[in-house]
Every structure is written in C-alpha cells, then in structure tokens.
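Per-entry structural report
Here are the chains, one letter per residue:
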Amino acid sequence: IPSENIRNFSIIAHVDHGKSTLADRLLEMTKTVCIEEGKAQVLDRLQVEKERGITVKAQTASLFYKSKTDNQIYLLNLIDTPGHVDFSNEVSRSLSACQGVILLVDANQGVQAQTVANFYLAFCKDLVIVPVLNKVDLKNANPEKVEEQLEGLFDIDAKTVLRISAKQGTGVENLLESIVTRLPHPITNRQAPLKALIFDSWFDKYRGAVVLIYVQDGCVKEGDIITTAYSQTSYTVKNVGILRPTEFNTGTLVGGQVGFLTCNIRSAKEAHIGDTIYLKDEPVEPFPGFKPAQPMVFAGLFPLDQSLHLEMKNALERLTLNDSAVSITTESSPALGLGWRLGFLGLLHLDVFNQRLDQEYNAQAIMTAPSVTYKAKITSKQLITKYGSNEFYFSNPMDFPDATITEALYEPFILGTIITPDEYLGDVLSLCMEKRGVQKSSINIDNTRVMIQCYFPLNEIVIDFHDTLKSITSGFGSFSYEDHGYELSNLVKLDILLNGNVIEELGTIVHASKAVNLGRKMVLKLLDMIPRQMFQIAIQASVKGKIIARENLKPYRKDVTSKLCGKRGGDITRKMKLLKQQSDAKKKMKMVGNIEIPRDTFINVLKR
Ligand code: GTP
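Residues numbered from 1 in each chain as written. Predicted model: local features only at pLDDT ≥ 70, side-chain atom pairs only at ≥ 80, totals over all residues. Heavy atoms only, no water.

Turning our eyes to something else, we now look at the overall build of the chain. Looking only at helices and strands, the chain features 15 helices and 33 strands. Burial analysis of the chain (608 residues in total) assigns 55% to the buried set. Considering only intrachain contacts with a sequence separation of at least 6, the fraction spanning at least 24 residues in the chain is 71%. (Helix = DSSP H or I, 4+ residues; strand = E, 2+ residues; numbered from the N terminus. Buried < 20%, exposed > 50% of the residue type's maximum accessible area, 1.4 Å probe, protein only. Contact = heavy atoms within 4.5 Å.)

One open sheet holds the eight strands; their spatial order is β11-β10-β16-β7-β8-β15-β12-β13, and the pairing between them is antiparallel. On the outer flanks of this sheet lie β11 (234–236) and β13 (247–249), each paired with one strand and no other. The sheet shows a mean angle of 40° between the axes of neighbouring strands, taken without regard to direction. Taken together, the three bridges between strand β10 (residues 225–228) and β11 define a ladder with antiparallel strand orientation. Bridge pairing links Ile226 to Tyr235 in β11. (Pairing = 2+ DSSP bridges. Axes fitted to C-alpha atoms, helices over the stretch in contact; angles between N-to-C directions.)

Moving on, we come to the environment of Ile225. Considering the arrangement of structural elements, one finds Ile225 in strand β10. When the C-alpha positions of Ile225 and Asp70 are compared, they lie 39 Å apart, and in sequence the two are 155 residues distant.

Bringing the side chain of Glu505 into the picture now. Its location among the elements puts Glu505 in the loop between β28 (501–502) and β29 (508–511). Other than its neighbours up to four places away in sequence, Glu505 contacts Ser333, Pro334, Ala335, Leu336, Thr368, Met398 and Phe602.

Turning our eyes to something else, we now look at the pattern of salt bridges. For the coordinates displayed, the defined rule picks out 15 salt bridges. Where Lys221 meets Asp224, a salt bridge forms, and the shortest distance between an N and an O atom there is 3.4 Å. Residue classification places Lys221 among the partly exposed positions, given a relative accessible area of 40%. Measuring nitrogen to oxygen at the nearest pair gives 3.0 Å for the salt bridge that ties Lys514 to Glu460. Of the two residues, Lys514 sits in the loop between β29 and α13 (515–529) while Glu460 sits in helix α11 (residues 458–462), which places them 54 residues apart along the sequence. Salt bridges here are not isolated pairs; linked through shared partners, they connect Glu411, Arg436, Glu460 and Lys514. (Salt bridge = Lys/Arg side-chain N within 4 Å of Asp/Glu carboxyl O.)

On the secondary structure map, Asp483 appears in strand β26 (residues 478–488). Discounting residues that sit within four places of it in the chain, Asp483 has contacts with Phe413 and Ile414. Here the side chain of Asp483 touches Gly485 through a polar contact of 3.4 Å, landing on its backbone nitrogen. (Polar contact = N/O pair within 3.5 Å; in protein donor to acceptor, adjacent residues only side chain to side chain.)

The tally for this structure, following the rule as stated, stands at 13 aromatic pairs. Ring pairing ties together the aromatic residues Phe119, Tyr120, Phe123 and Phe154, which thus form one cluster. (Phe/Tyr/Trp six-rings, centres within 6.5 Å; stacked < 30°, edge-to-face > 60°.)

Take the sheet that holds strand β17 (residues 297–303) next. The sheet built from four strands is open, its strands ordered β18-β19-β17-β20 with antiparallel pairing. Every other strand in the sheet has two partners, leaving β18 (327–333) and β20 (365–367) as the edge strands with one partner each. Sheet twist, expressed as the mean angle between neighbouring strand axes with direction ignored, is 30°.

Below, the discussion takes up unusual backbone geometry. A positive phi is found at Asp126, a non-glycine position, where the angle reads about 60°. Phi angles above zero are rare outside glycine, and Lys544 is one such case at about 50°. Topologically, Lys544 is positioned in the loop between β30 (537–543) and β31 (546–553).

Its place among the elements puts Thr385 in helix α9 (residues 381–387). A relative accessible area of 65% means that Thr385 is categorised as exposed. At a separation of 2.6 Å, a polar atom in the side chain of Thr385 contacts the main-chain carbonyl oxygen of Lys381.

Given a rise of 1.5 Å per residue, 12 residues ought to cover 16 Å, and the 17 Å separating the end C-alpha atoms of helix α4 (residues 113–124) matches this to within 8%. Along α4, the residues that are buried comprise Ala113, Gln114, Thr115, Val116, Asn118, Phe119 and Ala122. Positive phi shows up at Asp126, right after α4, with a value of about 60°. (Expected span 1.5 Å × (residues − 1).)

What follows is about the pairing of β29. Here β29 shows a buried face lined by Thr508 and Val510 and a second buried face lined by Ile509 and His511. Where strand β27 (residues 491–498) lies against β29, four bridges are found, and the strand directions are antiparallel. Directly across from Val492, in β29, lies its bridge partner Val510.

This brings us to a nonpolar patch on the surface. Side chains of Ile1, Phe64 and Ile73 sit close together on the surface and give an oily, nonpolar patch of about 250 Å² of accessible area. Position of Phe64 relative to the elements: it lies in strand β2 (residues 60–66). Phe64 sits in the partly exposed class, given a relative accessible area of 36%. (Patch = residues over 30% accessible without salt bridge, like charges linked within 9 Å, V, L, I, M, F, W, Y side chains within 5 Å. Areas by Shrake-Rupley, 256 points an atom, 1.4 Å probe, with all protein chains shown as cover.)

Moving on: the packing of helix α10 (residues 425–434) against helix α12 (residues 465–472). Where α10 contacts α12, the two axes come as close as 10 Å, and the packing angle between them is 160°. With respect to their mutual orientation, α10 and α12 come out roughly antiparallel. Handedness of the crossing formed by α10 with α12: right-handed. Contacts between α10 and α12 involve Asp427, Val428 and Leu431 on the former and, on the latter, Phe465, Thr468, Leu469 and Ile472. Here the residues of the contact of α10 with α12 sort into five nonpolar, one polar and one charged. (Parallel < 35°, antiparallel > 145°, perpendicular 65-115°, else oblique. Left-handed = near helix turned anticlockwise from the far one by under 90°. Nonpolar A, V, L, I, M, F, W, Y, C, P; charged D, E, K, R; others polar.)

This is the structure:
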C-alpha cells in the first residue's frame, strides 16, 4: 500500500469520554471485528483494565477503509493510548508514531483536565488535531458550549469540530472520511535503510517480547537481522505483521506502516520503548529524544514468604517487560526479608501493577507505603565520597539522613491542573490548601467551570488526591499533573513503633507541619487494622525520638470454634469450615517480630 494511503493516528481523551467505545466502533465499521452485544471492549485486554474500566497498556489495530471521496482503500493505523493522569509518558511515546490525533471530548462533560494535558502533548509534537465531540445522543449534551470551550482554550475553530455518538455510531462514517482527508500521510523513504521506532511492547511466554514498531524508512521482513540502537543487540526477525487487532502475519512491514515484530527478545533490559531499530551493519541516526521513563513514586515489594522469592523474581521480570516504565532494584528489610524497590509513574500505575502481579502471576506480595524521591544536601565527608557528591536522592524512609549530617532537604513538586464546576470551588481550594498547594492561576473556562493551576509537593498528591477530588466534586472534578522540579522543604521522618520496636517498613517521610496529625491518624488506623492478639500491643508514632501518639491494642484470644463445642461437641463440618476460614485469614498475615500484621497494612495505612 502506498504511503499516501496510510494514516497513523491516536484517539486522545479524558478518562470515560468514550475512547474505547469509539475504537470498537471504528473496528466494527471497517469490518475489522464483529462486536457482540455487551461484549467488553476489544482493545482493553487485560482483566485489571476491565475491572477499573481504563486502558492501561497501549494497544494498536490496523483498519482498512474505502474512502467515499475517492473510492481508494486506505490503511488506518489506530494507536490506542492510555487515558489516565499517571500515563502521560505512555501517551507521549505512542504519539511519536502518529501524524495526527482525534481529540475526543464528551459533549456533556466538556473539556477536562486530561483533555488539556493531552491537547498540549499532541500540539507540541506538531500533530494535526481533529476535534470530535462524543455522546451527542445524551439528553444533557451541550455541543455548542463545549465548542466554545475548545475555541477559548485551544483556539480551535468551531466549524472544524465533528459531532458523533460512538455508542450509536452516528457521525462515525464522517469521522472515518475526515481521518482520510484531514490527516497527513506519513513521510517515508522506502528505498533508504530500515529505521523503525519501538513504541510499545509486551511479553509472550513462547516468543519473548512482541514489540510494536513504526517503520519510518526502508522495510523489515522475516529473517532480517536487526540491531537496536540504544541496547546495541542484534536479533533475527521471526514474525512481522499487523494487528487486526490480533496478530496477523504479513511477513513484511514497509515505510509508513505500524505493526508488530517478534525476534526472541528474552530480557526486559533489551526492548526499550523509544529505541530505534535498524538492519545490522546499516546503522541510521536514531530517533531523537529517547529517554527511559522517569518513575515518580516508589514502593518496596516483598514476597509474603521468602520461599516464594524466586517465583516472584520471575514474575517481576515478565511484568517489567510488559511495562518498561517500572524501575526495579533489590532491597532487603529486617522484617520483610529480601525484596525489591519498585518505581512507578504514579499511584494508579502502582495499584495496577500490584493487581497484575496478583492476577496474572498469583504472587503473594506485600507492598509498602509509597514514597517519592527526596533530595538531601549532606555534610558527611564519608557519604560525600560514597555518593560522589554532597547531594543524594532517596525514596526509602529507611535512608532518611541523620539530622547531624543534613544541611538541607528538598522534595519534588508538580504543577497540577484541576477543572471543576464552580459550585465546588470552595471545597477544592480547601483541599489544595490541606495538600500544601500554592495557587498559580485560576481562569473561568465558561460560565460554570473553573480551571485552577497549583504547585503541589508530589508527596501530597500521590496517595489519594485524585480520589478525594472526585468525591468532593461529586465526580465532576478532574486532574492532571506535570513535573516541576525540587524545592527546599522542612521534612522529618515519622516512625511507627509496635511494643517499643521501630517497624522500619511502616516509617514514612512527612512535612514537619503535618507530622503530629499524620502520626495520630496512622496510630488509629493501625489500631483498627491489626487484629487483637494474645498480648497487649502498644502502637506509637514518633518523630526524632519523641513519641507524638499512642494507642493500646487490647489482648484477645480468638477461638472461633469454642461456641460450637458445647455438650454435644458441635457440628464437625461447620467447625472445620470455620477453622479453614481462620487459616485463610492467617495466610494474609505477616509476622513482624511476634506480632501478626495483615499484609495490606503496609500500603493501606497511609490511605484515607
Ligand atoms: P478509558 O479507557 O478509561 O480511557 O475510558 P474511555 O474513554 O475508553 O471510555 P469508554 O469507551 O469506556 O466509555 C465510557 C462510558 O461512556 C461507557 O459507559 C460507554 O458506554 C459510554 N459512551 C461512550 N460513547 C458514548 C456515546 O456516544 N453515547 C453515550 N450515551 N455513551 C457513550
């Protein structure tokens, strides 16, 4: 197919504005798949995505469409992008394979925070933007008002905005025509040596990594020997093809095309997203701006039982190949044993990863409370030699430097964008204050909604900001964020003690102004989460060795069967069942010293 008849595009949208529904409709209308009534969306493959109703891994499909304008067949490559606030990085790299985007906005909800973030990602990459209003079938849809928002915020001409109902199919044919007529075709030189971009990958048990590529120049076929520019490793290409949306071997991919490739990539460290592929011994100038994903949130991960260590190590290796944005280093903890420290793009990313680990690999894991990366300026000569600088970065509360050697502490900040109906503005501003936000700007995007920009310490928003914002705005508030560097901060380490012993894994780093409050909350929460045991447990919080909160957990002997063992001895099957329930509950426990702690305590203790 000539490159003039190829269109590579993504749909970018705020969560729930209908991206998956539209993708399904496009697949169905181009006869790529038959959609059964009520069947889950085709592109959202993993179970965890279905549960959460959001797309996490980018997925791609090639569609063939016969244009009504010129009766020619076009190859439309839809590149699915994740829609959540944590994943702007994944959106960005998927956009590198596109020449245009569909900016999809719910005609009822209007422009939301991620619409703004996604618009600028596409805009900065110079992509052609086709603005589309979805859900015009809804009674409350107000397309005129949303068009005004698009005009006001992005300078988009209302006359260029399409109106569709992805659910009912209205206007989608027109959209397909617009993709052909308004988006540019890829510019390629098929005679030049191969130059291809890896923009996604996942792991297959039998074939190793399946990588998705955009062929910029030349062509790649089965049997070719290729080299990756960044990792400098060579492979023989096994399978090449397109996704419809399942793999369809074509044996070759030419300049301008998007498709998959397998070549026995066995390790996570080899398939870098953003890396360039060329033919062995025919190197080309790699794609610019390649940088590995930057994790923002870190947490420790430990097997519930050390005998599971190897099994979990394998599971982690496979999962990180599927999700190269996760960084991973080994860690050991006095209470939890040998484990890993993982870095994530955000808290949602972390939760999704944790769920995948459980679902796909059945790995019984303990995750510690998430933390961001702090920076310290230190005066200790010894440490300066060790780190090669008087500054060092740490995310683990256990590495919090001693006050005697610390000159200054810094924490990472972000610039957050919030869009909310103005009746909730008061509550939203209080939330921002509570989270140590400093307002940068506030503008009315129409007569009912406000867009606020605030600087926040990342630490304050990673835990539950998004959920809280949703609940105080009855679901109407939206949020997105970008990195804003480090700022000086008065940080302290909050320790948790059980019967006088510091439990390092429950320690956390917090702004001094919030330590007492957080300490109290954590102690009360632990009182609630830790089951009573045969002896009394003192739960305490301390800062710099000073106790700031304390509760006592009363002893209690839980014998679930005693009431069944009356004179008649009770019903034996009932008794066995109760004992089994109790032992299942025990499996979810972790012994820390002589105290049993539910394994989800480590991550839940910081949530509201
Ligand atoms: P993420 O994958 O989380 O980014 O969400 P999404 O943008 O893919 O949204 P999705 O397609 O899952 O749609 C969200 C909800 O809106 C679903 O309940 C859809 O049925 C509904 N929806 C999508 N398009 C339309 C439409 O045109 N009209 C109406 N009435 N509902 C729609």
